[in-house]
Amino acid sequence: GESVGLHLPTLSVQEGDNSIINCAYSNSASDYFIWYKQESGKGPQFIIDIRSNMDKRQGQRVTVLLNKTVKHLSLQIAATQPGDSAVYFCAENTGRRALTFGSGTRLQVQP
Amino acid sequence: AAGVIQSPRHLIKEKRETATLKCYPIPRHDTVYWYQQGPGQDPQFLISFYEKMQSDKGSIPDRFSAQQFSDYHSELNMSSLELGDSALYFCASSLEEEETQYFGPGTRLLVL
C-alpha cells in the first residue's frame with residue numbers, strides 16, 4: 001500500500017533496543033494526550049494515553065512521559081520489535097473533543 | 001473485538017463529481033469523528049457528531065457535509081470534488097463519556 005508520511009522524520013533502531021519518540025504539543029490548555037501507531041495503508045491504532053494530571057503512564061512495553069512545563073510528550077518502546085515499525089503520531093485534546101495531531105515520526109526497526 | 005467499519009475502502013472519482021463515504025462506529029459508541037489525511041501529512045479533523053447532532057467542526061470545506069443517523073452510522077458527502085480532495089478519510093468513534101477515539105481503516109479517495 002501507499003506509504004504514509006513520505007517525508008517524516010525517521011528514527012532507526014536495532015531490534016531489541018529501546019526507542020524514544022518525541023512530540024511537542026502546542027496548546028497549554030490540552031488536558032488529554034494519545035499516542036497512535038499508523039502502519040502503511042491503515043488507520044491510526046491507539047497505543048496509550050495520558051491525562052494532564054499525570055506525568056507518566058506505563059503500558060505493555062510502552063511508557064508515555066508528559067512534561068507540561070515545556071509542552072513535551074515522549075513515547076518509549078522497550079525491546080523494539082520489527083512489528084513496531086510504523087509512523088507514530090501524538091495527538092492532543094483540548095476538551096473540544098477533536099484531536100489535534102502532531103507531525104508523525106517514522107520508526108524503522110532493523111533486524 | 002469489533003472495530004470501526006468504513007466503506008468503500010477505495011474510491012476513484014473525477015473532478016466535479018460527488019462521493020459519499022460511510023462509517024459504522026464500534027457498537028455502543030455514540031460519537032463519530034471524520035478526519036482527512038493528505039499524503040505525508042497528519043490527520044486533520046473535519047467534523048464530529050454526538051447523538052446524531054453535530055458536536056464540533058474543523059476544517060471541513062463548505063462542499064462537504066455529514067450527518068449521523070439513528071443507528072449511529074455516519075456519512076460524509078463530498079460534492080464538486082477537486083484534485084486536492086484526494087486523501088485518506090478516516091472515521092473514528094468513541095463513547096461520549098470517554099475520550100479515546102478508535103479509528104477505522106480509512107477510505108482512500110482519488111480524484112482524477
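What you are looking at is a predicted structure, and each value in this text was computed from that prediction instead of being measured.

For chain B, the count of helices and strands is zero helices and eleven strands. Along its sequence from the N terminus, chain B presents helices and strands in the succession β-β-β-β-β-β-β-β-β-β-β. Here chain B has a C-alpha radius of gyration of 13 Å; the compact-globule value for 112 residues is 13 Å, and the two agree. Dimensions along the principal axes, computed over C-alpha positions, put chain B at roughly 40 × 25 × 25 Å. Residues counted as buried form 49% of the 112 residues belonging to chain B. Taking as baseline every contact in chain B between residues at least 6 positions apart, the subset at least 24 positions apart corresponds to 53%. Carbon and sulfur atoms provide 49% of the accessible area of chain B, an area that totals close to 5300 Å².

Let's shift gears to the interface of chain A and chain B. Across the contact, 25 residues belong to chain A and 26 residues belong to chain B. Surface buried jointly by chain A and chain B totals about 1900 Å² across both partners, of which 48% is contributed by carbon and sulfur atoms. For the interface between chain A and chain B, the tally reads five residue pairs in polar contact (both at pLDDT 80 or more). Those elements that place two or more of their residues in the side of chain A that touches chain B are β3 (32–38), β4 (45–51), β8 (86–93) and β9 (99–101) of chain A. Among the elements that take part in the side of chain A that touches chain B, β3 of chain A stands out by supplying four residues, more than any other. Residue composition of the side of chain A that touches chain B, grouped by class: twelve nonpolar, six polar and seven charged.

A few words now on the confidence of the model for chain A. Taken over all residues, the pLDDT of chain A has a mean of 90, while the share at 70 or more is 92%. Across residues 1–6 of chain A, where pLDDT falls below 50, the model places 16 contacts with residues more than four positions away in sequence or in other chains.

With that settled, the discussion passes to the packing of aromatic side chains. For the structure shown, the criterion picks out eleven aromatic pairs over all chains. Taken together, a centroid distance of 5.8 Å and an interplanar angle of 85° make the contact between F101 of chain A and Y35 of chain B edge-to-face. Taken together, the residues span two chains, with F101 of chain A in strand β9 and Y35 of chain B in strand β4 (residues 31–37). Comparing F101 of chain A with Y35 of chain B shows no difference in burial state: the two are buried. When the ring of F90 of chain B is compared with that of F103 of chain B, the centres are 6.4 Å apart and the planes differ by 80°; the resulting orientation is edge-to-face. In this pair, F90 of chain B is assigned in strand β9 (residues 87–94) and F103 of chain B in strand β10 (residues 102–103), connecting sequence segments 13 residues apart. F103 of chain B carries the same exposure label as F90 of chain B, and that label is buried. Feature note: the residues Y36, F89 and F101 of chain A together with Y35, F45, F90 and F103 of chain B constitute an aromatic cluster, connected by ring pairs.

All names here are of chain B. Among the secondary structure elements, S48 is positioned in strand β5 (residues 44–50). Judged by its relative accessible area of 0%, S48 falls in the buried class. Within the structure, S48 has its side chain in polar contact with the side chain of S55 (distance 2.8 Å).

In terms of nonpolar packing, the biggest core is built from 22 residues, with W34, L76, M78 and Y89 of chain B touching the most fellow members. Counting only elements with at least two residues in this core, the list comes to β3 (19–24), β4, β5, β7 (64–68), β8 (74–78), β9 and β11 (107–111) of chain B. In terms of nonpolar packing, the next biggest core, distinct from the first, is built from 19 residues, C23, Y25, W35 and L73 of chain A among them.

Residue position: D84 of chain A is located in the loop between β7 (72–77) and β8. Filtering out sequence-adjacent residues up to four positions away, D84 of chain A remains in contact with K37, R61, I77, A79, L107 and V109 of chain A.

What counts, and where the lines are drawn
Residues numbered from 1 in each chain as written. Chains lettered and ligands numbered in written order. Predicted model: local features only at pLDDT ≥ 70, side-chain atom pairs only at ≥ 80, totals over all residues. Heavy atoms only, no water. Helix = DSSP H or I, 4+ residues; strand = E, 2+ residues; numbered from the N terminus. Rg over C-alpha atoms; globule rule 2.2 N^0.38 Å. Buried < 20%, exposed > 50% of the residue type's maximum accessible area, 1.4 Å probe, protein only. Contact = heavy atoms within 4.5 Å. Areas by Shrake-Rupley, 256 points an atom, 1.4 Å probe, with all protein chains shown as cover. Buried area = accessible area lost by both parts, 1.4 Å probe. Polar contact = N/O pair within 3.5 Å; in protein donor to acceptor, adjacent residues only side chain to side chain. Nonpolar A, V, L, I, M, F, W, Y, C, P; charged D, E, K, R; others polar. pLDDT = per-residue confidence, 0-100. Phe/Tyr/Trp six-rings, centres within 6.5 Å; stacked < 30°, edge-to-face > 60°. Core = buried A, V, L, I, M, F, W, Y, C linked by side-chain atoms within 4.5 Å.

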